[in-house]
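Coordinate analysis (summary)
Here is what each chain is made of, one letter per residue.
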Amino acid sequence: MPRTLGQTMESPNHTNLDSSVFFLLGIPGLEQFHLWFSLPVFCLGTATIVGNMIILVVVATEPALHKPVYLFLCMLSTIDLAASFSTVPKLLAILWCGAGHISASACLAQMFFIRAFCMMESTVLLAMAFDRYVAICHPLRYATILTNTIIARIGVVAIVRGSMLMLPCPFLIGRLSFCQSHVIPHTYCEHMAVVKLACGDTRPNCVYGLTAALMVIGVDLFCIGLSYVLIAQAVLLLSSHEAQSKALGTCGSHVCVILISYTPALFSFFTHRFGHQVPLHIHILLANAYLLFPPALNPMVYGVKTREIRERVVKVFQRGQGTGIKASV
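Read on for an overview of the structure. None of the values given here were measured: they were computed from a predicted structure.

Cut-offs used in this document
Residues numbered from 1 in each chain as written. Predicted model: local features only at pLDDT ≥ 70, side-chain atom pairs only at ≥ 80, totals over all residues. Heavy atoms only, no water. Axes fitted to C-alpha atoms, helices over the stretch in contact; angles between N-to-C directions. Helix = DSSP H or I, 4+ residues; strand = E, 2+ residues; numbered from the N terminus. Parallel < 35°, antiparallel > 145°, perpendicular 65-115°, else oblique. Left-handed = near helix turned anticlockwise from the far one by under 90°. Contact = heavy atoms within 4.5 Å. 1 Å grid on protein atoms, 1.4 Å probe; cavity = no way out; pocket = protein on both sides within 12 Å on 5 of 7 lines; lining within 4 Å. Points joined across faces, edges and corners; volume = space filled by probe spheres on them. Disulfide = S-S within 2.5 Å. Salt bridge = Lys/Arg side-chain N within 4 Å of Asp/Glu carboxyl O. Buried < 20%, exposed > 50% of the residue type's maximum accessible area, 1.4 Å probe, protein only. Nonpolar A, V, L, I, M, F, W, Y, C, P; charged D, E, K, R; others polar. Pairing = 2+ DSSP bridges.

What follows deals with the packing of helix H3 (residues 68–97) against helix H12 (residues 280–305). In contact at an axis separation of 10 Å, H3 and H12 are set at 140° when each is read in the N-to-C sense. Taken together, the axes of H3 and H12 are oblique relative to one another. For the element pair H3 and H12, the recorded crossing hand is left-handed. The segment H3 lies against H12, with Leu 73, Leu 76, Asp 80, Thr 87, Val 88 and Leu 91 engaging Asn 288, Leu 291, Leu 292, Pro 294, Pro 295, Asn 298 and Tyr 302.

By volume, the largest pocket amounts to about 820 Å³. In terms of lining residues, the largest pocket is bounded by 44 residues, among which Arg 115, Tyr 188, Glu 190, Ser 268 and Tyr 290 are the most central. Secondary-structure elements contributing two or more residues to the lining of the largest pocket are helix H4 (104–137), helix H8 (191–195), helix H9 (203–236), helix H11 (252–274) and H12. Of all the elements, H4 adds the most residues to the lining of the largest pocket, at 9 residues. Taken as a whole, the second largest pocket spans an internal volume of roughly 630 Å³. Lining the second largest pocket we find 21 residues, and of these Val 69, Tyr 70, Arg 132, Thr 250 and Glu 308 sit closest to its centre.

With that out of the way, let us pick up the state of the cysteines. Applying the stated criterion across every chain yields a total of 1 disulfide. Each sulfur in the disulfide pair Cys 107 and Cys 189 lies 2.1 Å from the other. Around the S-S axis, the bridge from Cys 107 to Cys 189 shows a dihedral of about -120° and counts as left-handed. Residue Cys 107 is found in helix H4, and its partner Cys 189 is found in the loop between strand E3 (183–184) and H8; the two are separated by 82 residues along the sequence.

Let's shift gears to the pattern of salt bridges. Per the stated rule, a full pass over the model turns up 3 salt bridges. With a closest N to O distance of 2.7 Å, Asp 131 and Arg 132 form a salt bridge. The burial state of Asp 131 is the same as that of Arg 132; both residues are buried. When the shortest N-O distance is used, the salt bridge between Arg 161 and Asp 220 registers 2.9 Å. With Arg 161 in helix H6 (residues 148–166) and Asp 220 in helix H9, the pair connects residues that are 59 residues apart, well separated along the chain. For Asp 220, a relative accessible area of 0% puts it in the buried group.

Moving on to empty space enclosed by the protein. With a probe scaled to a water molecule rolled over the atoms, the places where space remains empty come into view. Summed over all chains, the structure comprises 1 cavity of 30 Å³ or more. What the largest cavity holds in volume is close to 40 Å³. If you go around the largest cavity, the residues you meet are Thr 87, Leu 91, Thr 187, Tyr 188, Asn 288, Leu 291 and Leu 292. Sorting the residues of the lining of the largest cavity by element identifies H3 and H12 as the ones contributing at least two each. Among the elements that take part in the lining of the largest cavity, H12 stands out by supplying 3 residues, more than any other. When the residues that make up the lining of the largest cavity are grouped by side-chain class, the tally is 4 nonpolar, 3 polar and no charged.

Taking strand neighbours across the sheet as the criterion, the 3 strands line up as E2-E1-E3 in an open arrangement whose pairing is mixed. Only two strands of the sheet have a single neighbouring strand rather than two, namely strand E2 (101–103) and E3. Of the strand pairs in this sheet, strand E1 (residues 21–24) and E3 are connected by 2 bridges, and their pairing is parallel. In the strand pairing of E3, Leu 24 is matched with Ile 184. In the packing of H4 onto the sheet, the strands contacted are E1, E2 and E3, and the crossing angle to E2 comes to about 85°.

Turning to the pairing of E1, a few remarks are in order. Pairing of E1 with E2, which is carried by 3 bridges, proceeds in the antiparallel orientation. The partner of Phe 22 across the bridge, within E2, is Ile 102.

Set out below in structure tokens:
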């Protein structure tokens, strides 16, 4: 079936991308397991929606949580929700019923939003590292440095940075011709998976994609690492072991989220660039783990490791149960 679709969608006249229709295969070689893969995808997608919505509702309804660290967490939850909605519905459609057809415009839009949201999330994680640095190294200036205006500007910078860095990609792909096959061996319109189908010179696409990724992941990881080096130096200067533990404890949630977010991203990036002997389905599974796991696990990490959020969530549910009991009486 996929081969027939690929042949019927071939473009012998070098049809431009704007008039093309693509077909997403899913996970080549593991098609018989698509229904089984749909179960964790559905669970992770549901956890993403429920967990991040809880974070947003709890922070919005509790004035005590209107602090910079929780406002950054709301930005992270909003980005995770948007990224999930741009990937999970189509992914489930492919795994459940093989509905892999996607128009060129939808493919370009999905490609743009997936990469843009990932870059926005990286920017917010960097801002959260800066928040922890100011809170521990300059606690007396915390309120004057991280004002609501500065937080809003950081949010705007995250949106603009992610959007502008990804903006050239649709135009670079739009200039290409696809003269062989329009069958994409992937679960979503991944940038390099689409570029590999093109004829002609694709070096500008490859160079720009690699440069944009390094500019975001490389710069942000370096700055986050520098922040935590300075934090560690400040913590070691504290005289009390209890004060050191308390200071490091405030960074625990953010460190876990960084590991959850960047570890699968780096694995996916390096296996795609250098792991030429790695089977294709491993590449695709790693790419999906990068998109599915962080949005689902981030709210769990903050809900479990952050006392303020944990207490407010319990209070909200207790309030809801109390209202339900009164209504039944």
